[in-house]
Amino acid sequence: MSDKSDIGRRSLIGAGLAGVVAGAMATPAAASTPPASASERLKGYSLPLSAKGTASIVQAPPWHYVGDAVGVEFWTTPEAAAASLPTGLTPDPVSPGHGWAIFIDWQFSTDNNDYLDPVRSQYSEFLIFQDAQFNGTNVAWCPFIWVDNDASMARGWFQGFPKKLGAIHQTRAFQVPGRAAPVVGPGGRFAATASTAGRRLAEAEVTLERTAPAIPALTRPIVNLRQFPRLQAGRHDDPAVHELTQSILANLTMANTWVGAGSLSFQHVPGEELADLRIQRTGVGFRGSLSYTVNDLKILTGPDAR
């Protein structure tokens, strides 16, 4: 387990999270240019475009999110962590191998009250953040992420999150007391699991001890790799898009965050590399709620970088 004073320091860093994540690497708005698809008669933000424009798997931003998160701090070997970094990111020399495993139960909406259609607006997610640096700035790199909703997967690809389909579950808490749910308070125990293709990927458990000012896993700007390959013969190794991106989380709010002891394990699954981040030790676990809006994206590398 990690030193408790270090855990507290990490948690306190999160108090200024909104400024760190949304503004630390902010960029001015790009000049308005006519859309490339201005002459397309079919409508929509994403495929499938259609006559009315309502069939798109993802509707246009803003995208609003709210969710409950359970996570555990862990350390892999510095070598394994470095091997997962893309070109343009380097290991954090202060915290090599440090990362977070996070399970989130989400509800999503655009400005059209999509949450009133819960079968489409609710989904779950499991992801990894690793400490890294971009041009000397501390960032959180997301090498792996799984979701159970096709629209969430598409929104992730547009941002650079490498989303794959999976099955994710976590212990729920409710306003009414009862023996079927833990308390969100001292002694409350929460568990979470993730699987893909019918095989268990990861499992975690957290026992809450004390409150924290913010979710400790979210203290750095989030950096992803956005890539769209080509299918033309002879150009398979020349992607149409290949760029590092920074997530912009507007109006980021966190509430009711608790931290405590955490346990975590990764299992080997054919066709996956999560278990290559071999866990050396675990640290703090947490449970908390968050919300934010996505309406923008910063491009860090490539022709559109600013």
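So, how was this worked out
Residues numbered from 1 in each chain as written. Predicted model: local features only at pLDDT ≥ 70, side-chain atom pairs only at ≥ 80, totals over all residues. Heavy atoms only, no water. Phe/Tyr/Trp six-rings, centres within 6.5 Å; stacked < 30°, edge-to-face > 60°. Helix = DSSP H or I, 4+ residues; strand = E, 2+ residues; numbered from the N terminus. Buried < 20%, exposed > 50% of the residue type's maximum accessible area, 1.4 Å probe, protein only. Lys NZ or Arg CZ within 6 Å of the ring centre and 35° of its normal. pLDDT = per-residue confidence, 0-100. Contact = heavy atoms within 4.5 Å.

1. So, the packing of aromatic side chains
Counted under the stated rule, the structure contains eleven aromatic pairs. On the basis of an interplanar angle of 70° and a centroid distance of 6.1 Å, the ring pair of tyrosine 45 and phenylalanine 158 is categorised as edge-to-face. Remark: phenylalanine 158 occurs in helix α5 (residues 150-159) and tyrosine 45 occurs in the loop between α2 (17-23) and β1 (63-75); sequence separation between them is 113 residues. For the ring pair tryptophan 106 and tyrosine 292, a centre distance of 5.7 Å and an interplane angle of 80° mean the geometry is edge-to-face. One end of the pair, tryptophan 106, is in strand β3 (residues 98-109); the other, tyrosine 292, is in strand β14 (residues 281-294), with 186 residues separating them in the sequence. For tyrosine 292, a relative accessible area of 14% translates into the label buried. Here the aromatic residues Tyr65, Trp106, Phe108 and Tyr292 are joined through ring pairs into a cluster of three or more. Positioned above the aromatic ring of phenylalanine 108, the side-chain terminus of arginine 155 is 3.6 Å from the ring centre. For the cation-ring pair, arginine 281 lies above tryptophan 75, with the distance from its terminal atom to the ring centre recorded as 3.9 Å.

2. Some words on the environment of threonine 54
In this structure, threonine 54 sits in the loop between α2 and β1. Looking at threonine 54, the relative accessible area reads 61%, which means it is exposed. Each C-alpha atom, one on threonine 54 and one on glycine 44, is 6.6 Å from the other, the two residues being ten residues apart in sequence.

3. Looking at the confidence of the model for the protein
In this model, the protein carries an average pLDDT of 91, and 88% of its residues clear a pLDDT of 70 or more. pLDDT under 50 marks residues 1-24. Its contacts with residues more than four places away, or in other chains, come to 56 contacts. Low pLDDT (under 50) marks residues 26-33, which in the prediction has four contacts with non-local residues, meaning those over four places away or in another chain.

4. So, unusual backbone geometry
Backbone torsion omega between leucine 47 and proline 48 reads -5°, so that peptide bond is classified as cis. Structurally, the position occupied by proline 48 is in the loop between α2 and β1. Note that the residue after proline 61, namely proline 62, is joined by a cis bond; omega there is 10°. In this structure, asparagine 135 is a non-glycine residue whose phi angle is positive, near 50°. Of the residues examined, asparagine 135 reaches a relative accessible area of 67% and is grouped as exposed. The phi torsion at asparagine 251 lies on the positive side, around 55°, for a residue other than glycine. Inspection of the secondary structure puts asparagine 251 in strand β13 (residues 250-266).

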